[in-house]
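What follows is each chain in one-letter form.
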2 protein chains.
Amino acid sequence: MRYLITFSYDGTNFNGYQKQLNKRTIQEEIEKVLTKINNYKVLITASGRTDSKVHAINQKAHFDFDKKIQLEKLKNAMNSLLPDDIYIKRIQKVKKDFHARFDVVAKEYEYKINMGKYNPLERNYVYQYNDKLNINLIKEAIKYLEGTHNFKTFTKTTNEQKNYIRTIIKTEVKLKNNILTISFKGTGFLRYMVRNMIGTLICVGEGKIKPVEIKEMLKKQDRKCAPFTARPEGLYLKNVYYK
Amino acid sequence: MRYLITFSYDGTNFNGYQKQLNKRTIQEEIEKVLTKINNYKVLITASGRTDSKVHAINQKAHFDFDKKIQLEKLKNAMNSLLPDDIYIKRIQKVKKDFHARFDVVAKEYEYKINMGKYNPLERNYVYQYNDKLNINLIKEAIKYLEGTHNFKTFTKTTNEQKNYIRTIIKTEVKLKNNILTISFKGTGFLRYMVRNMIGTLICVGEGKIKPVEIKEMLKKQDRKCAPFTARPEGLYLKNVYYK
């Protein structure tokens, strides 16, 4: 049987989602627990990885499981064995050929920036920019990122891949109590793409880059164009969509 | 010169406010930094201690300082030397006889309870009760705590002191997105008093204790009456008031 889990995690104390030797990762913690319940090695496949310190509200992963067990019981067993910074929100049965990564039709990310005073209680959950940004400029600039583009400018410098074309379906810029929340919904995102777009939008909000320059930056397809990669702790994988 | 600082902290990784041998405390971190800036031992006196894992939005403390330094410079120096889970929000000069503990006229505490699903991202900041509570019963019960009473029932069992009389000036019960926030403003609070009152109010919300029983519990002045001490991570010292 193939199952799909929806889970949330606090990325603060993890070296990212993906398994690595001798490092604490979300994938490993979940696989350890499933293997324990199943009595036989279980591997999980997520919608994609998240970097060290990045959080997830609704990450998704599939796995195959031999043991017969009720969904609710399996969920409770997992949550009682998992560390307190990961939580399984839902388990569903899916078709044998469902794939948590290849079947993704859209993903949603959210990034939080504190424009008010430094807040030690949110230091791991909101980027402590602690200064004002021009929100109207950011709102103007983000529109240039919407649509289908080659996003090579906004990927990780060392990352080579075949296809840099992605579609950003929807963006949003919201302000509440000095916390600026910028969200992107897209068909897919390249490595560091959200954090590089956020870094650029912060420069726009500072007046260092004009909104219209985003258009040029996209055209150049040059990874040296993006000014900086925004810190990971403000980033949340909010949703993953399937057909 | 005597100074008053207003500061916030994330209590998660501290063994409480008060200095203890070989333990990480807020008092010690601040004294270490002030001593370093002053080049001579500086001791601070707070409005009161907070327990391990309890947070503060506006804690206050006074200290005497020899070195001549501008307030803004001193604040910046402190924040640059302090660990990222403590933040100095304000420094003011006060009279030589001002006392951060003895001059308190009121304090305000807030306690947060998640009645929705477990949220790993807020596990250190909101008590994960993860079930419904009857808010109307809690609102009815909390009224019996308002006013001047002997609060011996709600103190720490091992704590002996002369005077258990305190006045609760104002209480509030608010619900937003499944987070129940209960706040108390009072002339002073005994050790564990807020967490014991919260433990009792949770039992009221579960229907295990009737609101009117609070009246009896106060009268009994018996520390065995309070059902349990609510967990520390939901508690915030929100404000300290002086004349």
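### Concerning the overall build of chain A
For chain A, the count of helices and strands is five helices and 10 strands. By its C-alpha atoms, chain A is 60 × 40 × 30 Å across when sized along the principal axes. Here chain A holds 243 residues, and the buried ones make up 54% of them. Carbon and sulfur atoms form 47% of the exposed surface of chain A, whose accessible area is close to 11,700 Å². Placing the 47 positive and 25 negative side-chain charges of chain A at their respective mean positions leaves the two points 2 Å apart.

### Overview of the relation of the copies chain B and chain A
Aligned on chain A, chain B shows an RMSD of 0.0 Å; the corresponding rotation is 180° and the shift along the axis is 0.0 Å. Taken together, these values place the two copies in the relation of a two-fold axis. By C-alpha distance to the rotation axis, the residue of chain B lying nearest is Glu122 of chain B, at 5.1 Å. An overlap of 100% is found between the interface residues of chain B and their copies at the interface of chain A, pointing to a shared contact surface.

### What about the layout of surface pockets?
Its boundaries defined by the atoms lining it, the largest pocket holds a volume of some 2,100 Å³. Each residue belonging to the lining of the largest pocket can be placed in one class, and the counts come to 18 nonpolar, 14 polar and 16 charged.

### Topic: the packing of helix H1 (residues 26–38) of chain A against helix H2 (residues 71–81) of chain A
All names here are of chain A. Contact geometry for H1 and H2: axes closest at 10 Å, N-to-C directions at 125°. Considering their axes alone, H1 and H2 lie oblique with respect to each other. Here the hand of the crossing between H1 and H2 comes out right-handed. Side by side, H1 and H2 meet where Ile30, Val33, Leu34, Lys36 and Ile37 of the first sit next to Leu74, Ala77, Met78 and Leu81 of the second. Per-class residue counts for the contact of H1 with H2 are eight nonpolar, no polar and one charged.

### Some details on the interface of chain B and chain A
On the chain A side, the residues contacting the 20 residues of chain B number 20 residues. Summed over both sides, the interface of chain B with chain A buries roughly 1,700 Å², with 58% coming from carbon and sulfur. Counting across the chain B and chain A interface gives four salt bridges. Run the count over chain B and chain A and you get six residue pairs in polar contact (both at pLDDT 80 or more). When contributions to the side of chain B that touches chain A are tallied by element, the ones reaching two or more residues are strand E1 (2–9), strand E3 (55–64) and strand E4 (86–94) of chain B. Grouping the amino acids of the side of chain B that touches chain A by side-chain chemistry returns 10 nonpolar, three polar and seven charged.

### A short note on helix H2 (residues 71–81) of chain B
Residue and element names in this part refer to chain B. Taken as a whole, H2 has its buried residues at Leu74, Lys75, Met78 and Asn79. Axial view of H2: buried residues confined to an arc of 130°, hence all on one face. When the buried face of H2 is taken as reference, the exposed residues oriented beyond 90 degrees from it are Lys73 and Ser80. The inward-facing, buried residues of H2 contact E1, helix H1 (26–38), E3 and E4.

### With respect to the pattern of salt bridges
All names here are of chain A. By the definition in use, this model includes 31 salt bridges over all chains. Across the salt bridge formed by Asp85 and Arg24, the nearest N and O atoms sit 2.9 Å from each other. Taken together, the residues span a long stretch of sequence, with Asp85 in the loop between H2 and strand E4 (86–94) and Arg24 in the loop between strand E1 (2–9) and H1 at a distance of 61 residues. Across the salt bridge formed by Glu72 and Lys75, the nearest N and O atoms sit 4.0 Å from each other.

### A word on the pairing of strand E10 (residues 235–242) of chain B
All names here are of chain B. Taken together, the two bridges between E3 and E10 define a ladder with parallel strand orientation. Its bridge partner being in E10, Ala56 is matched across the sheet by Leu237. One ladder, built from seven bridges, connects strand E5 (residues 104–114) with E10; its direction is antiparallel. For Tyr111, the partnering residue across the bridge sits in E10 and is Leu235.

### Details of the side chain of Glu108 of chain A
Residues and elements named next belong to chain A. Note that Glu108 resides in strand E5 (residues 104–114). At 4.6 Å, Lys238 is the nearest oppositely charged side chain to Glu108, a buried residue that forms no salt bridge. Sequence-distant contacts of Glu108, that is, excluding residues within four places in its chain, are made with Phe184, Lys185, Tyr236, Leu237, Lys238, Asn239 and Tyr241.

### Considerations on the confidence of the model for chain A
Across chain A, pLDDT averages 96, with 100% of residues at or above 70. Both scores are given for the predicted complex: the pTM is 0.94, the ipTM 0.93.

### As for a positive patch on the surface
Taken together, the side chains of Lys174 and Lys176 of chain A together with Lys174 and Lys176 of chain B define a basic patch exposed on the protein surface. Secondary-structure elements contributing two or more residues to the positive patch are strand E8 (165–176) of chain A together with strand E8 (165–176) of chain B. Looking at the secondary structure, you find Lys174 of chain A in strand E8. The exposure class of Lys174 of chain A is partly exposed, given its relative accessible area of 42%.

### Section: the packing of aromatic side chains
Considering all chains together, one arrives at 19 aromatic pairs over all chains under this definition. With a centroid separation of 5.9 Å and an interplanar angle of 35°, the aromatic rings of Phe7 of chain A and Tyr9 of chain A are classed as tilted. Aromatic ring contacts, followed pair by pair, group Tyr3, Phe63 and Phe65 of chain A into a single cluster. Between Arg195 of chain A and the ring centre of Tyr192 of chain A, over which it is positioned, the NZ or CZ distance is 5.0 Å. Over the aromatic face of Tyr236 of chain B sits the side chain of Lys112 of chain B, whose NZ or CZ is 5.0 Å from the ring centroid.

Calculation rules
Residues numbered from 1 in each chain as written. Chains lettered and ligands numbered in written order. Predicted model: local features only at pLDDT ≥ 70, side-chain atom pairs only at ≥ 80, totals over all residues. Heavy atoms only, no water. Helix = DSSP H or I, 4+ residues; strand = E, 2+ residues; numbered from the N terminus. Buried < 20%, exposed > 50% of the residue type's maximum accessible area, 1.4 Å probe, protein only. Areas by Shrake-Rupley, 256 points an atom, 1.4 Å probe, with all protein chains shown as cover. Lys, Arg positive; Asp, Glu negative; His and termini not counted. Charge placed at Lys NZ, Arg CZ, Asp CG, Glu CD. Least-squares fit on C-alpha atoms with pLDDT ≥ 70 in both. Contact = heavy atoms within 4.5 Å. 1 Å grid on protein atoms, 1.4 Å probe; cavity = no way out; pocket = protein on both sides within 12 Å on 5 of 7 lines; lining within 4 Å. Points joined across faces, edges and corners; volume = space filled by probe spheres on them. Nonpolar A, V, L, I, M, F, W, Y, C, P; charged D, E, K, R; others polar. Axes fitted to C-alpha atoms, helices over the stretch in contact; angles between N-to-C directions. Parallel < 35°, antiparallel > 145°, perpendicular 65-115°, else oblique. Left-handed = near helix turned anticlockwise from the far one by under 90°. Buried area = accessible area lost by both parts, 1.4 Å probe. Salt bridge = Lys/Arg side-chain N within 4 Å of Asp/Glu carboxyl O. Polar contact = N/O pair within 3.5 Å; in protein donor to acceptor, adjacent residues only side chain to side chain. Arc of directions from axis to C-beta. Pairing = 2+ DSSP bridges. pLDDT = per-residue confidence, 0-100. Patch = residues over 30% accessible without salt bridge, like charges linked within 9 Å, V, L, I, M, F, W, Y side chains within 5 Å. Phe/Tyr/Trp six-rings, centres within 6.5 Å; stacked < 30°, edge-to-face > 60°. Lys NZ or Arg CZ within 6 Å of the ring centre and 35° of its normal.

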